[in-house]
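Fold and geometry: a report
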Amino acid sequence: MGVLLNMFGQGMVLSYPSVLLPALLSPNSIIKTEFHEASWVGSCIGFAGIPGFLSSSFLMEMYGRKKAHVAVLIPGIVGWLIIYFATSIPVLLCGRCLCGFAAAATVSLGAIVIGEYTSPKNRGMFLNLKTAAVCLGNSAVHIFAHFFNWKTIALIAVVPHMLSLIIIFTWPESPSWLASKRRFEESQKSFYWLRGNDKRAILEMEDLLRAQKEKLSQYPEHVNNSNLIMDFIRKFKERSFVKPLIIVCFAGLLLESCGRHIFPAFATQIIGEITSDKSQSFYYTLGIDIIITASALFSSFLVKIMKRRTLLLGSGFIALFILFCVCLYMLLSAKGIVSNERTWIPILLFTVYFIVSNLGCTPIPLALLGEIFPLAHRGAGSCVSGFILCVYLMIAMQATPYLLVTVQVYGTFAVFGTLMGMSLIGLYVTLPETKDRTLQQIEDYFQTGKFRNENLGIDEVNMKMLQS
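Residues numbered from 1 in each chain as written. Predicted model: local features only at pLDDT ≥ 70, side-chain atom pairs only at ≥ 80, totals over all residues. Heavy atoms only, no water.

1. Details of the overall build of the protein chain
Here is the rule: What counts as a helix is a DSSP run of H or I of at least four residues, what counts as a strand is a run of E of at least two, and both are numbered from the N terminus. With C-alpha atoms as the basis for the radius of gyration, the globule rule is written as 2.2 Å multiplied by the number of residues raised to the power 0.38. With a 1.4 Å probe rolled over the protein chains alone, any residue whose accessible area is under 20% of its type maximum counts as buried; one over 50% counts as exposed, and the rest are partly exposed. Should any heavy atoms of two residues lie within 4.5 Å, those residues are counted as being in contact. Positive: Lys, Arg. Negative: Asp, Glu. His and the chain ends are not part of the count. By convention, charge coordinates are those of NZ in Lys, CZ in Arg, CG in Asp, or CD in Glu.
Along its length, the protein chain carries 22 helices and zero strands. Relative to the compact-globule value of 23 Å for 468 residues, the protein chain shows a C-alpha radius of gyration of 23 Å, a close match. If you line up the protein chain on its principal axes, its C-alpha atoms span 75 × 45 × 35 Å. Per-residue burial over the protein chain gives 58% buried out of 468 residues. Across the protein chain, the fraction of contacts at a sequence separation of at least 24, relative to all contacts at a separation of at least 6, is 81%. Within the protein chain, one finds 38 positive and 28 negative side-chain charges whose respective centroids are separated by 1 Å.

Printed below as a string of structure tokens:
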């Protein structure tokens, strides 16, 4: 719940421009601004996310997952308060940057916490629930916008971060991080507190300790800063770091190109252009929000019964086909070839598109951040992945307002659809199946190219328990 409440708050950060930008551009706005300035207020969270990812990567490696989570949440709380009291664009930018810093810092950190704290059986479901929580945050902002002004919404957005902070104080430290710091007894105590001590849990704990003791025996107990820098550079020559990073590049591109962040941020404008009736855009937006959230929740169930790779690629290619259909219809409508009075057709197609894309394209790319990097590379992987994701987000948020003005909604989504197709092909080539596999098994795959103990059954568990 600590992670999910934080993700709910992150959803509010992402969709806040849908409330803030129209208010700033209104003739009655208390803060006067130009279009290009307003676009920076919306997109600056991508730029601010880069130091957020860098900071969380450093903090999680040096001080642990729990303390890092506490440290990066505080700027988010301060950012919302600054937005509430803002009277100028520079102050708004400062508040948005702090919110973007906190949101980005907890993207991979939250995924890593879920990955390290939960069992392989439940890990996929909990990681997908992160996306559902973000969707709920998006919906909350759009609902609040109907009743409150942008300042009041900023004050409300402090609440989920505060609740998350309180819950985080009750956590134990991550067993994986403790093991990586040679604190093996504490690691065992934390692991069994979190996961119980059934046969599979005991075997997984022993596997973790064995792997960490083997790796740590090859490195000195104390290293200086120059060694840390050289170690970071050497990671780019290691297969177990480079291959997950390539997967993150394609997964991040898929996440942004499927409209995960641009639609909540510009939902009112997009729906208003499709329907040509901005007075009804709230109800259309709310309806799509509810459907997207329900789809994300359903995805958390599907990931329990389906393979991750199958769900991601299957839903991705189906969603891509639907997206090009809606773009084609809107193009023909704009050219007068088909009637533009049947606005329910593109709305329905967009609804189906978001249902399908939120089954796999949205939740699984972020879930991969908590699974694919080996423990030794998790901090560095989070750092580099965060930089990549922030660049994608910043480009998408900055380019979308201009694309909507120049090439309309259908052209905007056609551009994103092309990028989506490229990313799906890349993931088809590079992504392995991670369902129900322990983090140690996934780590072994990226180091050796194959899964160890892939068909581990209960009889094998019992045999290993007897041998040990």
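2. Some remarks on the confidence of the model for the protein chain
Selection rule: Residue-level confidence of the predictor, termed pLDDT, takes values from 0 up to 100.
When the pLDDT values of the protein chain are averaged, the result is 82; 91% of them are 70 or greater. Here helix H22 (residues 458-467) stands out as the element of the protein chain with the lowest mean pLDDT, 45, in contrast to helix H8 (residues 158-168), whose mean of 94 is the highest. Note on residues 454-468: pLDDT is under 50 here. Beyond four places in sequence and across chains, it has 17 contacts.

3. Comments concerning the pattern of salt bridges
Where we set the bar: In what follows, salt bridge is the name for a side-chain nitrogen of Lys or Arg lying within 4 Å of a carboxyl oxygen of Asp or Glu.
Tallying each qualifying case throughout the model produces seven salt bridges. Note that Arg65 is salt-bridged to Glu61, the shortest N-O span being 3.4 Å. Taking the relative accessible area as the measure of exposure, Arg65 reaches 0% and is therefore buried. Classification of Glu61 by relative accessible area gives partly exposed; the value is 23%.

4. Topic: the packing of aromatic side chains
We count it as follows: The pairing test for Phe, Tyr and Trp rings, Trp by its six-membered ring, is centres within 6.5 Å, and the orientation test on the planes gives stacked under 30 degrees, edge-to-face over 60, and tilted for anything in between. As a reminder, the over-ring test applies to NZ of lysine and CZ of arginine, requiring each to be within 6 Å of the ring centre and within 35 degrees of the ring normal.
Scanning all chains against the criterion turns up twelve aromatic pairs. Ring geometry for Tyr84 versus Phe85: centroids 4.9 Å apart, planes at 80°, classification edge-to-face. By relative accessible area, Tyr84 is classed as partly exposed at 27%. With a centroid separation of 5.1 Å and an interplanar angle of 65°, the aromatic rings of Tyr353 and Phe354 are classed as edge-to-face. When its relative accessible area of 0% is taken as the criterion, Tyr353 is described as buried. Three or more aromatic residues joined by ring pairs form one cluster here, namely Phe350, Tyr353, Phe354 and Phe413. The lysine or arginine in question, Lys151, covers the ring of Tyr84, its NZ or CZ lying 5.9 Å from the ring centre. The ring centre of Tyr428 lies 5.1 Å from the NZ or CZ of Arg309, which sits over that ring.

5. Details of the environment of Ala251
Its place among the elements puts Ala251 in helix H13 (residues 239-257). A C-alpha to C-alpha distance of 25 Å links Ala251 and Ser176, two positions 75 residues apart in sequence. Setting aside chain neighbours within four positions, we find Ala251 in contact with Pro365, Leu368 and Leu427.

6. Let's talk about helix H1 (residues 2-15)
Applied cut-off: Helix span, as expected, comes to 1.5 Å for every residue beyond the first.
Relative to the 20 Å expected for 14 residues at 1.5 Å per residue, H1 spans 21 Å between its end C-alpha atoms, a close match to the ideal helical length. Of all 14 residues in H1, 13 are buried, a share of seventy percent or more.

7. Brief notes about the environment of Trp40
Considering the arrangement of structural elements, one finds Trp40 in helix H3 (residues 35-63). In the structure, Trp40 is positioned 53 residues away from Leu93 in sequence and 7.9 Å away in space, judged by C-alpha atoms. Apart from the residues within four sequence positions on either side, Trp40 is in contact with Leu93 and Gln398.

8. Considerations on the nonpolar core
Formally: Nonpolar cores were defined as sets of buried Ala, Val, Leu, Ile, Met, Phe, Trp, Tyr and Cys residues, with membership established by side-chain atoms within 4.5 Å.
With 118 residues, the main nonpolar core has Trp80, Leu92, Phe350, Tyr353 and Met420 as its most contacted residues. Element by element, the count of residues in this core is highest for helix H5 (residues 89-117), at 13 residues. For Leu92, the residues in contact, after removing those within four places along its chain, are Leu20, Leu24, Ile31, Ile83, Ala86 and Trp150. Listed in part, the seven residues of the second largest apolar core include Ala179, Phe191, Met205 and Leu375.

9. A few points about unusual backbone geometry
You will see that Arg182, though not glycine, has its phi angle at about 65°, which is positive. Secondary-structure assignment places Arg182 in the loop between helix H9 (175-180) and helix H10 (184-195). Judged by relative accessible area, which is 28%, Arg182 ranks as partly exposed. One non-glycine residue, Gln408, lies in the positive phi region at around 70°.

10. Quick word on a nonpolar patch on the surface
To keep it simple, the criterion reads: Each patch is built from residues lacking any salt bridge and having more than 30% relative accessible area; the joining distance is 9 Å for like charges and 5 Å for nonpolar side chains (Val, Leu, Ile, Met, Phe, Trp, Tyr). Each accessible area value is a Shrake-Rupley result obtained with a 1.4 Å probe; residue values ignore everything except the protein chains displayed when judging cover.
A cluster of nonpolar residues, Leu25, Phe35, Tyr402 and Val405, forms a patch on the protein surface that exposes about 370 Å² of accessible area. Tracing the backbone shows Leu25 in helix H2 (residues 17-25). A relative accessible area of 41% places Leu25 in the partly exposed class.

11. What about the packing of H1 against H5?
Quick note on the threshold: Every axis corresponds to a line fitted to the C-alpha atoms, with the helix fit spanning only the stretch in contact, and the corresponding angles, defined between N-to-C directions, vary from 0 to 180 degrees. Crossing chirality is assigned from the near helix's rotation relative to the far helix, an anticlockwise turn below a right angle marking it left-handed and a clockwise turn marking it right-handed. By the convention adopted, Pro, Cys, Tyr, Trp, Phe, Met, Ile, Leu, Val and Ala count as nonpolar, Lys, Arg, Asp and Glu as charged, and the other residues, Gly among them, as polar.
Where H1 contacts H5, the two axes come as close as 9 Å, and the packing angle between them is 145°. Our pair here, H1 against H5, has a crossing hand that is left-handed. Each of Val3, Asn6, Met7, Gln10 and Val13 in H1 lies in contact with H5, whose residues at this interface are Arg96, Cys99, Ala103, Thr106, Val107, Gly110, Val113 and Ile114. Partitioning the contact of H1 with H5 into residue classes produces eight nonpolar, four polar and one charged.

12. Things to note about the side chain of Gln441
Where we set the bar: Pairing of N or O atoms within 3.5 Å defines a polar contact, subject to two protein rules: one partner must be a possible hydrogen donor and the other a possible acceptor, and residues neighboring in sequence count only if both atoms are side-chain atoms.
Summarising the element assignment, Gln441 is placed in helix H21 (residues 439-448). There is a polar contact of 3.0 Å between the side chain of Gln441 and the backbone nitrogen of Thr438.

13. Here's the deal with helix H11 (residues 199-216)
Because the α-helix completes a turn every 3.6 residues, residues three or four places apart line up on one side. The terminal C-alpha atoms of H11 lie 26 Å apart, and with 18 residues this matches the ideal 26 Å at 1.5 Å per residue to within 8%. All buried positions along H11 are accounted for by Ala201, Ile202, Leu203, Glu204, Met205, Asp207, Leu208, Leu209, Ala211, Gln212, Lys215 and Leu216. You can read the cap of H11 off the contacts: a side-chain oxygen lies 3.2 Å from the backbone nitrogen of Arg200, and it is on Asp198.

14. So, the packing of helix H4 (residues 65-85) against H5
Our working definition: An angle below 35 degrees is read as roughly parallel, one above 145 as roughly antiparallel, one from 65 to 115 as roughly perpendicular, and any other as oblique.
In the contact formed by H4 and H5, the axes pass within 8 Å of each other and the chain directions differ by 155°. The orientation of H4 with respect to H5, classified from their angle, is roughly antiparallel. Taken as a pair, H4 and H5 cross one another with a handedness that is left-handed. Grouping the constituent residues of the contact of H4 with H5 by class yields 19 nonpolar, six polar and three charged.

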